[in-house]
Amino acid sequence: MPTAVLTDRERTAVQAYLRLLHTVRAAFDGPPGSRRPPFVPPSVLAEAEQALADAGLSGNEEEFFRLLQTWCPAEP
């Protein structure tokens with residue numbers, strides 16, 4: 001599999017997305033039976049959106065997810 005070298009901005013976008021993903025997962029992993037809605041701090045979402053925009057990846061999900069898969073491949 002070819003290795004992609006991410007730019008600093010692409011790497012920042014991937015890292016911000018992963019932080020957002022982990023925050024959302026943690027919000028949904030509340031105690032069983034919890035009725036409170038999951039909460040994701042607006043700053044986490046804003047960081048991911050800004051990082052995507054800075055990397056030129058806003059509106060280009062296909063390219064972004066290709067970079068994400070290359071940088072952080074799924075385990076078999």
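Here's a quick rundown of the structure. All figures in this text were calculated on a predicted structure; none of them were measured in a lab. (Residues numbered from 1 in each chain as written. Predicted model: local features only at pLDDT ≥ 70, side-chain atom pairs only at ≥ 80, totals over all residues. Heavy atoms only, no water.)

## A look at the nonpolar core
Now for step 1: Among the nonpolar cores identified, the biggest contains 14 residues, and Ala13, Val14, Leu57 and Phe64 are the most heavily contacted of them.
Now for step 2: When residues of this core are traced back to their parent elements, those giving at least two are helix 1 (8-28), helix 2 (42-54) and helix 3 (61-71).
Now for step 3: It is helix 1 that provides the largest number of residues to this core, a total of five residues. (Core = buried A, V, L, I, M, F, W, Y, C linked by side-chain atoms within 4.5 Å. Buried < 20%, exposed > 50% of the residue type's maximum accessible area, 1.4 Å probe, protein only. Helix = DSSP H or I, 4+ residues; strand = E, 2+ residues; numbered from the N terminus.)

## Quick look at the pattern of salt bridges
Now for step 1: Counted according to the given criterion, the structure contains two salt bridges.
Now for step 2: We note a salt bridge from Asp8 to Arg11, for which the minimum N-O separation is 2.9 Å. Of this pair, Asp8 and Arg11 both sit in helix 1, three residues apart, which is roughly one turn of the helix.
Now for step 3: In this structure Arg11 comes out as partly exposed when scored by relative accessible area, which is 28%.
Now for step 4: Its salt-bridge partner being Arg19, residue Glu47 comes within 2.5 Å of it at the nearest N-O pair. Here Glu47, found in helix 2, pairs with Arg19, found in helix 1; they are 28 residues apart in sequence, far enough to count as distant.
Now for step 5: Taking the relative accessible area as the measure of exposure, Glu47 reaches 33% and is therefore partly exposed.
Now for step 6: Classification of Arg19 as partly exposed rests on a relative accessible area of 38%. (Salt bridge = Lys/Arg side-chain N within 4 Å of Asp/Glu carboxyl O.)

## Some words on the packing of helix 1 against helix 2
Now for step 1: Axis separation between helix 1 and helix 2 bottoms out at 8 Å; the angle between their running directions is 155°. When the interaxial angle is binned, helix 1 and helix 2 end up roughly antiparallel. Crossing hand, helix 1 versus helix 2: left-handed. Residues Arg9, Thr12, Ala13, Ala16, Arg19, Leu20 and Thr23 of helix 1 form the contact with helix 2, whose participating residues are Val44, Leu45, Glu47, Ala48, Ala51, Leu52 and Asp54.
Now for step 2: Here the residues of the contact of helix 1 with helix 2 are counted per class, giving eight nonpolar, two polar and four charged. (Axes fitted to C-alpha atoms, helices over the stretch in contact; angles between N-to-C directions. Parallel < 35°, antiparallel > 145°, perpendicular 65-115°, else oblique. Left-handed = near helix turned anticlockwise from the far one by under 90°. Contact = heavy atoms within 4.5 Å. Nonpolar A, V, L, I, M, F, W, Y, C, P; charged D, E, K, R; others polar.)

Limitation: the analysis is restricted to geometry and does not speak to function.
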